[in-house]
Each structure stands twice: as structure tokens, then as C-alpha cells.
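So the chains spell out like this:
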Amino acid sequence: MEVVVDPRAGFCWGVVRTIQIAEESLQEGKPVYVLGSIIHNPRETERLERLGLRTITHEQLPEAARDGARVLIRAHGEPPSTYRQAWELGLELIDATCPIVAKLQERVRKFYLQGYQVVVFGKAEHPEMIGVRGVCNDECLIVRSVEEALERVDFRRPTVLFSQTTMDKKAFAELAEALRHRIAELRVEAPEEGAGEFYAKDTICGQVSGREQHLREFAAACDVVIFVAGRASSNGKVLYEVCRSVNPRTYFIESAGELCAEWFEGAQRVGITGATSTPQWYMHEVARYIEQRFARG
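Residues numbered from 1 in each chain as written. Predicted model: local features only at pLDDT ≥ 70, side-chain atom pairs only at ≥ 80, totals over all residues. Heavy atoms only, no water.

**Q** I keep staring at the sheet that holds strand β6 (residues 117-121) and nothing clicks. Help me out?
**A** Reading across from one edge, β7-β6-β8-β9 is the order of the four strands in this open sheet, with parallel pairing throughout. With one partner strand each, in any of the chains shown, β7 (141-143) and β9 (186-188) form the two edges of the open sheet. Across the sheet, the mean angle separating the axes of adjacent strands is 25 degrees when strand polarity is ignored. (Pairing = 2+ DSSP bridges. Helix = DSSP H or I, 4+ residues; strand = E, 2+ residues; numbered from the N terminus. Axes fitted to C-alpha atoms, helices over the stretch in contact; angles between N-to-C directions.)

What follows is the structure, encoded as C-alpha cells:
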């Protein structure tokens, strides 16, 4: 049985940037805390904690101030209230917000101040959306489906539609089309069709949507696909479904210990891939585990 790790899987550039900032900050000697899990992958979080990174909650910010620690803002970003609290506590912040997320926040605030009804395709309690809600006084509508949007959106108002950066591009397009038929003045802030680079109006990260065609080809070329991601990873859920739509023998795991022998019965080629928050080093560990436990004999 051949076990192949997808060479194009692994961290997106926004996550690479955040991890690099964290590692460099830890080398400077002063304690570094991160506000919330730095990445939706427990293996990578554990690795960084071994280097000295400590994960805290908003309620623990006063403790960080007493410890003289610097606090890292992760790639998901934070609402303005977090920056105000840090300033009041005299905390030094290390801002590693993904530039695409920062651009989303900037544009949401711009249209909110212009009086638009702001609709965002996303998950209201996702860390990224908590930051977005903060820049518009929590006066945006965050919806997860066409049905929810049709129930909640006021079709009489000028409206702008955004997306959380890690949502499915096809589902977003379906939502946009449904609203276009009902709202006279609708602006859709989304990637231009076929755009491979970051444009000012992108709100779905091309590092997520750009992997979809490759994943379809990768999954189709394998008998079995093992998709490795943290269970809290939003883009992991999206990309897993892309694989499973092509290859029904696609299995989602967070750790190698979840693998089952029956998944590999009759398989000649097993592919390992993952989310934009899944480190390459851990996918290779999963591959070695499969080779040692299931590929012999």
C-alpha cells in the first residue's frame, strides 16, 4: 500500500505568518501569551506551548498584565474592545491578525458607517466573526444559509454581503444570487471570478478556495483519503467535504489514534491531506503511523 502526503496541503500564508511571529517573539525572552488558541490544530498548539507560549482567555488579560507578558493577537483578529482593554491594562500587544481578516474588518466598518445593512455569510461564534461583529457594534447579520438569510434580511434596505474568509465559495455564490433577486441595492464583496491573487475586495481567502480543484484531483487519485484537521477548524470542514464529494472513502481525523484498520481494506493508494491550519509535519506523522500499523503484511 502506497501512502502519499499531499504536497500542497498545510499552512496557508496567514497561518505561517502568525506562527513565525509567535516563534520570533518567544525567542526574545519576555513571556508571550496568546489570546485564544493560536490555531485550530491541537498538535501545533502543543508544539508552541512546549516552546513557552501560553494560551489565555479574555478574562485572564489582567493576569497577563501582572505577569509583564506580551499578548499575541492571533490570525482570526479581535474586536476593538480587546484593544481598548489591553490599553487600559498597559499591555503590549503583538498583532498577528491575518491581513485578509483585517481587510474584511476594515470594509465591514466602512459600509456600516455608510448606513448599509451588513450581511456576512459565516458562523456567528467563530473567533473571526466575533472580531467582525465588534467593528460594527454587533449590528450585522451573520447567516449560514440561504434560508436563514431570507428570514432575517430586510430586502428594502441597501445591503452589502460579505463572507467569513474560510467559508465555501459555491455556497456564498448561491446566497449572493438569492439576495440579488430580492434586493434592489446589493453590493457583493467577494473575490473576482478566477482571481488567483489577493484583491482589496476579497473576503473569501483564496488560500482556502484555491485548493478546492487540487483537492478534487488528489482525492480522485486515491483509494482512501485521510483528512487531518482540528475539529474546530472552519476551513477544515469545508475542504473535507470537497474531498468527500469526490471520494466517499474520505475520513476526518484529528489525531492518528483515531484511524481504523477497516478503512484501508483493499486500498492500494492512501492520500493524506488537511486544512490550512494542519502542519505538514503532523501529516507526515500520520503517514508513518499508517505505514507502520496498516500498510504491512
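**Q** How should the side chain of Glu 212 be read in this particular structure?
**A** Tracing the sequence through the fold places Glu 212 in helix α10 (residues 212-220). For Glu 212, the contacting residues outside a window of four places in its chain are Asp 168, Lys 169, Val 238, Leu 239 and Val 242. (Contact = heavy atoms within 4.5 Å.)

**Q** Would you mind showing me how to read the sheet that holds strand β11 (residues 250-253) here?
**A** In a beta sheet, neighbouring strands pair by backbone hydrogen bonds and run either parallel or antiparallel. Strands sit in the order β1-β12-β10-β11 across an open sheet of four strands; the sheet is parallel. Every interior strand has two partners, whereas the edge strands, β1 (2-5) and β11, have only one. Each strand axis lies, on average, 20 degrees off the axis of its neighbour in the sheet, ignoring direction. Bridge count for strand β10 (residues 224-228) against strand β12 (residues 269-274) is five bridges, and the pairing is parallel. Its bridge partner being in β12, Val 228 is matched across the sheet by Gly 274. Across the sheet, α10 touches β1, β10 and β12, and the angle it forms with β12 is around 155 degrees.

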